[in-house]
Amino acid sequence: MMPSDWIWGFCGGLIIGLAAALYLLINGRVMGASGIIGGLVDRTGRDSANERLCFLAGLVGVPAILVLMVGSDDTQLIQSPSIVIAAGLLVGLGTRLANGCTSGHGVCGISRLSLRGIVATVFYILAGGLCVLLFRHVLGVI
Amino acid sequence: MNRCLWAALSGAMFGIGLTLSGMTDPLKVQGWLDVFGDWDPTLAFVMGGAILPMAVAWRLAARRSKAALGSDFPAAPGPQVGHNLVIGSVLFGAGWGLVGLCPGPALASLSWSGAYGLLFLMAMLAGMFAAPGVRLWIDRMAAK
């Protein structure tokens, strides 16, 4: 039998894919979280700022309501503040240099067999795996 | 107006999908990256589930000239893999591994991830703010 986490993961994944499909077929845009936020931060997306803000309102607000109703068993971040800050800086800088993150390169790029999306995904998974190996198993700090 | 409503709906579905799939839990994401520890393959199921509808959507988009609300579809990405794509992905992956958060889940879980979740978001926005300058610097170094 498949663990229920895998089934929840697959069903949640389907909903993520449907969200990306809507955003492409109706709004004509690639649903990439880092691109939607980053375009507001560096103002390259100011012409579509309203659309971006509405997407982000749905992304933050609706899970908040869902978790208020049914609760969440997510683990809270437990690392030291300096690690959290370093990680945030790396994620923000890296996704903008690479023009995409897990949703843009991973979901939207791989599904159209984009070479860039596939290369990006291979590199961020390799770097993430090495990082966990180093900081969890060698240094023991995360 | 319509664009905003549909964008909010798609953001909401993205957030619900991330929450239900367990991807807002930093430990589950680190579990996927922890090949040498207690490996958790859930993220692969999430990716697979998300790629299926999106692969259909790209095929539907290829048969149409414009999206439903009238804008052009995004241009097909070129095949070129530049240094910024690789450097950026490596930096992103390192940060992702350190705490188990990427931009989508960091926002979806903002209301329950506590002070550290907010701290991560602030640092992420700062990194995004710095990115155009860093990109210029990398391009200058690469041109030498």
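Above: the structure in question.
Quick summary incoming for the structure in this document.

The rules behind the values
Residues numbered from 1 in each chain as written. Chains lettered and ligands numbered in written order. Predicted model: local features only at pLDDT ≥ 70, side-chain atom pairs only at ≥ 80, totals over all residues. Heavy atoms only, no water. Helix = DSSP H or I, 4+ residues; strand = E, 2+ residues; numbered from the N terminus. Buried < 20%, exposed > 50% of the residue type's maximum accessible area, 1.4 Å probe, protein only. Contact = heavy atoms within 4.5 Å. Areas by Shrake-Rupley, 256 points an atom, 1.4 Å probe, with all protein chains shown as cover. Buried area = accessible area lost by both parts, 1.4 Å probe. Salt bridge = Lys/Arg side-chain N within 4 Å of Asp/Glu carboxyl O. Patch = residues over 30% accessible without salt bridge, like charges linked within 9 Å, V, L, I, M, F, W, Y side chains within 5 Å. Phe/Tyr/Trp six-rings, centres within 6.5 Å; stacked < 30°, edge-to-face > 60°. Lys NZ or Arg CZ within 6 Å of the ring centre and 35° of its normal. Axes fitted to C-alpha atoms, helices over the stretch in contact; angles between N-to-C directions. Parallel < 35°, antiparallel > 145°, perpendicular 65-115°, else oblique. Left-handed = near helix turned anticlockwise from the far one by under 90°. Core = buried A, V, L, I, M, F, W, Y, C linked by side-chain atoms within 4.5 Å.

1. Quick word on the overall build of chain B
- Secondary structure assignment for chain B yields six helices and zero strands.
- Looking at the 144 residues of chain B, the share that counts as buried comes to 51%.
- Once local pairs closer than 6 in sequence are excluded, the contacts in chain B between residues at least 24 apart make up 49%.
- Summing over all exposed atoms, chain B offers an accessible surface of approximately 6,400 Å²; the carbon and sulfur share of this is 70%.

2. Some details on the interface of chain B and chain A
- Residue-level contacts link 105 residues of chain B with 99 residues of chain A.
- Of the roughly 9,100 Å² buried between chain B and chain A, counting both surfaces, carbon and sulfur atoms make up 77%.
- In this assembly, chain B and chain A are joined by three salt bridges.
- A salt bridge links A:Asp5 to B:Lys28; the nearest nitrogen and oxygen atoms lie 2.7 Å apart.
- Mapped onto the side of chain B that touches chain A, the elements with two or more residues apiece are α1 (2-21), α2 (26-33), α3 (42-62), α4 (83-99), α5 (103-108) and α6 (114-143) of chain B.

3. Quick look at a nonpolar patch on the surface
- Together, A:Ile65, A:Leu68, A:Met69 and A:Val70 give the surface a local cluster of nonpolar side chains, amounting to about 500 Å² of exposed area.
- Within the secondary structure, A:Met69 sits in helix α3 (residues 49-70).

4. A look at the packing of aromatic side chains
- Evaluation of the coordinates by the stated rule reveals seven aromatic pairs over all chains.
- Ring centres of A:Phe55 and B:Phe14 lie 6.1 Å apart, and the angle between their planes is 40°; this geometry places the pair in the tilted category. With A:Phe55 in helix α3 and B:Phe14 in helix α1, this pair bridges two chains.
- The exposure class of A:Phe55 is buried, given its relative accessible area of 0%.
- Taking the relative accessible area as the measure of exposure, B:Phe14 reaches 2% and is therefore buried.
- An aromatic cluster is defined as three or more aromatic residues linked by ring pairs; in this entry it consists of A:Tyr23, A:Phe55 and B:Phe14.
- For A:Arg112, the ring lying beneath its charged end belongs to B:Trp58, and the centroid distance is 3.7 Å.

5. Overview of the packing of helix α1 (residues 4-25) of chain A against α1(B)
- The interhelical angle for the contact between α1(A) and α1(B), taken along N-to-C directions, is 165°, at an axis separation of 7 Å. The pairing of α1(A) with α1(B) is recorded here as roughly antiparallel in orientation. Helix-helix and strand crossings are classified by hand; for α1(A) and α1(B) the assignment is left-handed. Mapping the contact onto sequence places A:Trp8, A:Gly9, A:Gly12, A:Gly13, A:Ile15, A:Ile16, A:Leu18, A:Ala19, A:Leu22 and A:Tyr23 in α1(A) and B:Trp6, B:Ala7, B:Leu9, B:Ser10, B:Met13, B:Phe14, B:Ile16, B:Gly17, B:Leu18, B:Leu20 and B:Ser21 in α1(B).

6. Focus: the nonpolar core
- Counting residues in hydrophobic clusters, the biggest one holds 58 residues, and the most contacted among them are A:Met31, A:Phe55, B:Phe14, B:Met54, B:Trp96, B:Val99 and B:Phe120.
- A per-element tally of this core places α3(B) first, with nine residues.
- The residues touching B:Phe14, leaving out its near neighbours within four places in the chain, are A:Ile16, A:Ala19, A:Met31, A:Ala33, A:Phe55, A:Leu59, A:Ser103 and B:Gly104.

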